[in-house]
Amino acid sequence: MSNLSSIIGLLTKPARLRSLLSFNKKGYLKEIGWFNSLERQAPVDRLGNPIPWVTYSFIDFMKERISKQHSVFEFGSGNSTFFYAKYAGKVVSVEHDQEWYNKIVTTKPDNAEMIFTELKTNGDYCRMPVKLDQKFDIVIVDGRDRVNCCKQAVDALTPEGVIVLDDSEREFYNEAIMFLKDKGFKQLSFSGISPGLFYNKATSVFYKAANCLGI
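Cut-offs and rules
- Residues numbered from 1 in each chain as written.
- Predicted model: local features only at pLDDT ≥ 70, side-chain atom pairs only at ≥ 80, totals over all residues.
- Heavy atoms only, no water.
- Core = buried A, V, L, I, M, F, W, Y, C linked by side-chain atoms within 4.5 Å.
- Buried < 20%, exposed > 50% of the residue type's maximum accessible area, 1.4 Å probe, protein only.
- Helix = DSSP H or I, 4+ residues; strand = E, 2+ residues; numbered from the N terminus.
- Contact = heavy atoms within 4.5 Å.
- Axes fitted to C-alpha atoms, helices over the stretch in contact; angles between N-to-C directions.
- Parallel < 35°, antiparallel > 145°, perpendicular 65-115°, else oblique.
- Left-handed = near helix turned anticlockwise from the far one by under 90°.
- Nonpolar A, V, L, I, M, F, W, Y, C, P; charged D, E, K, R; others polar.
- Pairing = 2+ DSSP bridges.
- Right-handed = clockwise from strand over helix to strand, strands pointing away.
- Phe/Tyr/Trp six-rings, centres within 6.5 Å; stacked < 30°, edge-to-face > 60°.
- Lys NZ or Arg CZ within 6 Å of the ring centre and 35° of its normal.
- Salt bridge = Lys/Arg side-chain N within 4 Å of Asp/Glu carboxyl O.

Take the nonpolar core next. Phe 58, Val 72, Tyr 84, Ile 138 and Leu 213 are the most contacted members of the largest nonpolar core, which has 29 residues in total. Sort the elements by how many residues they give to this core and helix H5 (residues 56-65) lands first, with five residues. Aside from chain neighbours lying at most four places away, what touches Phe 58 is Tyr 84, Val 164, Phe 190, Thr 203 and Val 205. Of all hydrophobic cores here, the second largest spans 25 residues; its members include Phe 73, Leu 157, Tyr 173 and Phe 206.

Encoded structure:
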């Protein structure tokens, strides 16, 4: 359906139009800061605080589970870096975009470390958490080359560690999902909308027994 057809359809249904317009002043979308994200073209909550570009249901889940005892590695950086640094003890991010890296690194939180690495499929980017020779409680896969990132992340986890894959509903990432399940991980999917976007997507946690998030 074209934008014009959508507008005409709304104009012929005044009750639906009034309801949509009211969401900007009250209701769920207002409460979670969805309109703030739409206007800024960046993921933020209702107070303007940075949040990841993942599903709101996953954000709510993580707020209650992540703590200063946790170390986080993330593929990709941005508002998510600030969010995880607020709740976790340490965050390490790998970024492939030089311009974006230069922007974020100057304002990053004190407990966050950023690493610039050129992007090559199945190259140093996806292998960065393993190359650091550290173990992480949570590995966030929300950057590029995600299938290979998931495969490498397994060897960078603590015994209680979990892997988070954003946009897990995409068929393109089925290879990564099957790989993790073959390694004994279970999948917990959080579906819904995300900041400033209005299509259904999913963010999944892959975990084993006695994991750091208490699943």
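A few words now on the packing of helix H9 (residues 146-153) against helix H10 (residues 174-182). Close contact between H9 and H10 brings their axes to 8 Å; oriented N to C, the two are set at 15 degrees. By the angle between their axes, H9 is roughly parallel relative to H10. Of the two possible hands of crossing, H9 and H10 adopt the one that is right-handed. Within the contact between the two elements, H9 uses Val 147, Cys 150 and Lys 151 and H10 uses Glu 175, Ala 176, Phe 179 and Leu 180. Of the residues belonging to the contact of H9 with H10, the class tally is five nonpolar, no polar and two charged.

Further remarks concern the environment of Leu 29. The residue Leu 29 is located in helix H3 (residues 28-31) in this model. We classify Leu 29 as buried; its relative accessible area is 9%. For the pair Leu 29 and Pro 195, spaced 166 residues apart in sequence, the C-alpha to C-alpha distance is 9.4 Å.

Let's shift gears to unusual backbone geometry. For Gln 41, which is not a glycine, the phi torsion comes out positive at approximately 55 degrees. Locating Gln 41 in the fold gives a position in the loop between helix H4 (34-40) and H5. Positive phi values are uncommon outside glycine, yet Asp 145 reaches one of about 50 degrees. The residue Asp 145 is located in the loop between strand S4 (136-141) and H9 in this model.

Right, let's talk about the pairing of strand S3 (residues 112-116) for a bit. Across a regular strand the side chains alternate sides, sitting on one face of the sheet and then on the other. Judged from the five bridges that link them, strand S2 (residues 90-95) and S3 form a sheet pairing that is parallel. Each bridged residue has a counterpart across the sheet, and for Glu 95 the counterpart in S3 is Phe 116. As for the winding sense of the linkage, the β-α-β connection from S2 through helix H7 (residues 98-105) to S3 is right-handed.

We now examine the packing of aromatic side chains. A complete count under the given rule lists eleven aromatic pairs for this structure. Arranged with centres 5.9 Å apart and planes meeting at 65 degrees, the rings of Phe 58 and Phe 190 form a pair that is edge-to-face. One end of the pair, Phe 58, is in helix H5; the other, Phe 190, is in strand S6 (residues 186-192), and 132 residues separate them in sequence. Per residue, the accessibility class of Phe 58 equals that of Phe 190, and both read buried. Geometry around Phe 185 places Lys 208 over its ring, the cationic atom sitting 4.7 Å from the centre.

One pass over the structure, following the stated rule, counts seven salt bridges. Residue Lys 131 is joined to Asp 124 by a salt bridge in which the shortest nitrogen-to-oxygen separation is 3.9 Å. Its salt-bridge partner being Glu 175, residue Lys 151 comes within 2.7 Å of it at the nearest N-O pair. On the criterion of sequence distance, the pair formed by Lys 151 in helix H9 and Glu 175 in helix H10 is long-range, its members being 24 residues apart. Lys 151 sits in the partly exposed class, given a relative accessible area of 25%. For Glu 175, a relative accessible area of 47% translates into the label partly exposed.

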